[in-house]
There are 2 protein chains.
Amino acid sequence: METATCTDKCRTVMPAAEDALYIIAGKWKVRIIIALASGDKRFNELQRTLTGISARVLSNELKDLELNGLVSRKTLDNGTVLYVRNAYADSLRNVMHELVQWGIGHKEKIRNREI
Amino acid sequence: METATCTDKCRTVMPAAEDALYIIAGKWKVRIIIALASGDKRFNELQRTLTGISARVLSNELKDLELNGLVSRKTLDNGTVLYVRNAYADSLRNVMHELVQWGIGHKEKIRNREI
DNA sequence: CTGTATCCTTATTGATACTG
DNA sequence: CAGTATCAATAAGGATACAG
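The model shown is predicted, which means the values in this text are computed figures rather than measured ones. (Residues numbered from 1 in each chain as written. Chains lettered and ligands numbered in written order. Predicted model: local features only at pLDDT ≥ 70, side-chain atom pairs only at ≥ 80, totals over all residues. Heavy atoms only, no water.)

## Overview of the side chain of serine 38 of chain A
Then step 1. Here serine 38 of chain A is to be found in the loop between α2 (29–37) and α3 (43–49).
Then step 2. From its side chain, serine 38 of chain A meets the backbone oxygen of alanine 35 of chain A in a polar contact 2.9 Å long. (Helix = DSSP H or I, 4+ residues; strand = E, 2+ residues; numbered from the N terminus. Polar contact = N/O pair within 3.5 Å; in protein donor to acceptor, adjacent residues only side chain to side chain.)

## Thoughts on the protein's contact with DNA strand D
Then step 1. The environment of DNA strand D is formed by Arg42, Phe43, Asn44, Ala55, Arg56, Ser59, Lys63, Arg73, Val81 and Tyr83 of chain A together with Arg56 and Val57 of chain B.
Then step 2. For DNA strand D, a base nitrogen lies 2.6 Å from a polar atom in the side chain of arginine 56 of chain B.
Then step 3. Contributing elements (two or more residues each) for the surface near DNA strand D: α3, α4 (55–67) and β2 (81–85) of chain A together with α4 (55–67) of chain B.
Then step 4. The dominant element in the surface near DNA strand D, judged by the number of residues it contributes, is α4 of chain A, at 4 residues. (Near = heavy atom within 4 Å.)

## Regarding the relation of the copies chain A and chain B
Then step 1. Taken as rigid bodies, chain A and chain B are interconverted by a rotation of 180 degrees and an axial shift of 0.1 Å, the fit giving an RMSD of 0.1 Å. The operation mapping one copy onto its partner corresponds to a two-fold rotation axis.
Then step 2. When the interface residues of chain A are mapped onto chain B, 100% of them again lie at the interface, so the same face is used by both copies. (Least-squares fit on C-alpha atoms with pLDDT ≥ 70 in both. Contact = heavy atoms within 4.5 Å.)

## Digging into the interface of chain A and chain B
Then step 1. Tallying the contact residues gives 42 residues for chain A and 44 residues for chain B.
Then step 2. Of the roughly 4000 Å² buried where chain A meets chain B, counting both sides, 75% is carbon and sulfur surface.
Then step 3. For the pair chain A and chain B, the number of links is 4 salt bridges.
Then step 4. Ionic pairing is found between arginine 31 of chain B and glutamate 18 of chain A, a salt bridge with its closest N-O pair at 2.8 Å.
Then step 5. Viewed at the interface, chain B and chain A are joined by 10 residue pairs in polar contact (both at pLDDT 80 or more).
Then step 6. Among the secondary structure elements, those contributing two or more residues to the side of chain A that touches chain B are α1 (8–24), α2 and α5 (93–111) of chain A.
Then step 7. At 12 residues, α5 of chain A tops the list of elements feeding residues into the side of chain A that touches chain B.
Then step 8. Taken together, the residues that form the side of chain A that touches chain B break down as 26 nonpolar, 9 polar and 7 charged. (Buried area = accessible area lost by both parts, 1.4 Å probe. Salt bridge = Lys/Arg side-chain N within 4 Å of Asp/Glu carboxyl O. Nonpolar A, V, L, I, M, F, W, Y, C, P; charged D, E, K, R; others polar.)

Written out as structure tokens, the structure reads:
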């Protein structure tokens, strides 16, 4: 990252992108956020929706998301636990939107053998 | 969006986001793309720029990026090899922009103990 | 210089069982 | 139901050496 190459902008942009990816990336994070967009869900319900995730991994992922304020754990009076997508997760809307658009375009490109 | 679980929109959105993340995510992909934004670079030059990456990992990452059309490998007449960021990588600009913006905002939130 | 091969260590999963 | 604990399997990463 020398002056001639990666300068101010680069030094701002790179860590910021990494920070965001650090929180979003991984096999399950986005899926969980999307899954919770359609309503609060219980642990087992989530596990069923996200086919293939183990309880251990789901547990860890939810903790991460909670730590970053994207999801909350809510215990109802009757004792059932619900995972709730926070309003803050909406701040990811633009990111998700661009991500999705690019993903769709990219797949299309591959299907057409443009790559 | 209304139904209780994951329906049409969800089923479109989820895999598209995953596809995109699959290509972008990881410790190095974004850094490499950013590093190459400031000009073509040789293998060793890249390795020096991206402090901490091993030759093996860099090699693998570059192959991935090449496969996905984001980067090209160009051999000059004198034999030197250059890694070049393709125009297609620009299609990631919106994604990166949103990612960066969110990353900045998120860090700010954490600094202010809002999470 | 541009990588690949190898070996070794560490992180991530998966499966299963088990507790409150 | 909502998880945790444990252990085995696998994947990913680092260090070093070396070939073209």
